[in-house]
Amino acid sequence: MSTHAAARVAAPTRREQILREAARLFAERGFHGVGVDEIGAAVGISGPGLYRHFPGKDAMLAELLVGISERLLAGGRLRVTEDGASRGGSPEALLDALIEGHIDFALDDRPLITLHDRELDRLRDTDRKRVRQLQRQYVEVWVEVVRALYPGLPEGEARVTVHAVFGLLNSTPHLTRPEALPDREATAALLHRLARGAFAAAAVSG
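Residues numbered from 1 in each chain as written. Predicted model: local features only at pLDDT ≥ 70, side-chain atom pairs only at ≥ 80, totals over all residues. Heavy atoms only, no water.

## Observations concerning the overall build of the protein chain
Within the protein chain, the regular secondary structure consists of nine helices and zero strands. Each helix and strand of the protein chain, ordered N terminal to C terminal, gives the series α-α-α-α-α-α-α-α-α. Here the protein chain holds 206 residues, and 43% of them are scored as buried. Within the protein chain, contacts between residues at least 6 apart in sequence are counted, and of these 70% link residues at least 24 apart. (Helix = DSSP H or I, 4+ residues; strand = E, 2+ residues; numbered from the N terminus. Buried < 20%, exposed > 50% of the residue type's maximum accessible area, 1.4 Å probe, protein only. Contact = heavy atoms within 4.5 Å.)

## Quick word on the packing of helix 5 (residues 91-108) against helix 6 (residues 110-119)
Direction vectors running N to C along helix 5 and helix 6 enclose 85°, while the axes themselves pass 5 Å from each other. When the axes of helix 5 and helix 6 are compared, the pair comes out roughly perpendicular. The segment helix 5 lies against helix 6, with Phe105, Ala106, Leu107 and Asp108 engaging Arg110, Leu112 and Ile113. Within the contact of helix 5 with helix 6, the residues separate by chemical class into five nonpolar, no polar and two charged. (Axes fitted to C-alpha atoms, helices over the stretch in contact; angles between N-to-C directions. Parallel < 35°, antiparallel > 145°, perpendicular 65-115°, else oblique. Nonpolar A, V, L, I, M, F, W, Y, C, P; charged D, E, K, R; others polar.)

## Examining the pattern of salt bridges
Following the criterion strictly, the structure yields 15 salt bridges and no others. For Glu119, the salt bridge is made with Arg122, and the minimal N-O distance between the two is 2.4 Å. Several salt bridges converge on common partners, so that one network encompasses Arg20, Glu21, Arg24 and Glu28. (Salt bridge = Lys/Arg side-chain N within 4 Å of Asp/Glu carboxyl O.)

## Focus: the packing of aromatic side chains
Remark: the centre distance and the inter-plane angle together describe each pair of aromatic rings, the angle taken between the planes. All told, the structure shown has five aromatic pairs when counted by the stated rule. Aromatic side chains Tyr138 and Phe166 sit 5.3 Å apart centroid to centroid with 15° between the ring planes, which places their arrangement in the stacked category. Separated by 28 residues along the polypeptide, Tyr138 in helix 7 (residues 125-149) and Phe166 in helix 8 (residues 155-169) bring together distant segments of the chain. Members of the aromatic cluster, each reached through a chain of ring pairs, are Tyr138, Trp142, Phe166 and Phe199. Looking at Lys57, its charged tip hangs above the ring of Phe31, at a distance of 4.5 Å from the centre. (Phe/Tyr/Trp six-rings, centres within 6.5 Å; stacked < 30°, edge-to-face > 60°. Lys NZ or Arg CZ within 6 Å of the ring centre and 35° of its normal.)

## Details of helix 7
The first and last C-alpha atoms of helix 7 sit 36 Å apart over 25 residues, in line with the 36 Å expected at 1.5 Å per residue. Every buried residue of helix 7 is accounted for by Asp127, Val131, Leu134, Tyr138, Val139, Val141, Trp142, Val143, Val145 and Val146. (Expected span 1.5 Å × (residues − 1).)

## Some points on the side chain of Glu119
Along the chain, Glu119 turns up in helix 6. A distance of 3.0 Å separates the side chain of Glu119 from the backbone nitrogen of Phe31, its partner in a polar contact. (Polar contact = N/O pair within 3.5 Å; in protein donor to acceptor, adjacent residues only side chain to side chain.)

## A short note on the layout of surface pockets
Approximately 380 Å³ is the volume found for the second largest pocket. If you trace the second largest pocket, you find 18 residues lining it, with Leu72, His116, Gln135, Phe166 and Asn170 closest to the centre. Where the lining of the second largest pocket is concerned, the elements lending two or more residues are helix 4 (57-86), helix 5, helix 6, helix 7 and helix 8. At five residues, the largest contribution of residues to the lining of the second largest pocket is made by helix 7. Its residues placed into classes, the lining of the second largest pocket shows nine nonpolar, seven polar and two charged. (1 Å grid on protein atoms, 1.4 Å probe; cavity = no way out; pocket = protein on both sides within 12 Å on 5 of 7 lines; lining within 4 Å. Points joined across faces, edges and corners; volume = space filled by probe spheres on them.)

## Brief notes about the environment of Leu107
The residue Leu107 is located in helix 5 in this model. Given the relative accessible area of 11%, Leu107 is considered buried. In the structure, Leu107 is positioned 66 residues away from Pro173 in sequence and 8.5 Å away in space, judged by C-alpha atoms. Sequence-distant contacts of Leu107, that is, excluding residues within four places in its chain, are made with Thr172, Arg184, Thr187, Ala188 and Leu191.

## Description of helix 8
Taking 1.5 Å of rise per residue, the 15 residues of helix 8 would be expected to cover 21 Å, and the 21 Å separating its terminal C-alpha atoms lies within 8% of that figure. Along helix 8, the residues classified as buried are Ala158, Thr161, Val162, Val165, Phe166 and Leu169. The buried residues of helix 8 occupy an angular sector of 145° when projected down its axis, which confines them to one face. (Arc of directions from axis to C-beta.)

These figures capture arrangement, not role.
Have a look at this one:
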């Protein structure tokens, strides 16, 4: 079981339930299209009861977007150390571990991808800058591993390729007909092959 999947075994707290439902509703109908009462109803509490957990919708949005950026960075670093070591620590094993971790996110947290794309600019400046900082650090974790596997690939091209792979993997919310897709395991395997293929293609010209 991946680190990301293992973290999901424990039953979610009420706060986590609120955030999960808020992400789903915000992604479906937009931040301004969802009221506090609706989020409360989704988790079985009154709208005003949410204020025991969050001061308002803005705080929920900030925690969702900052939180997922923090988790991606922490998970990436963990995979490079612990997961990579368990696989022998080769650059190829490290890249596979990073790809697998991001695929878990792309398949399991689709509302957060949509939320990031649509609502990031609604965050206050300090939170938005924090998200961007965390994202840059996450990219650099990948760049270091990619360049270890493909030393001839220039740093700038490696960084562009990492961003391109993120775009590929993060396209999952646009798969509007899930019934037309293979099962989760097959979809994850396909995404993994596509990601590895993108890095290999970049390295050929590098």
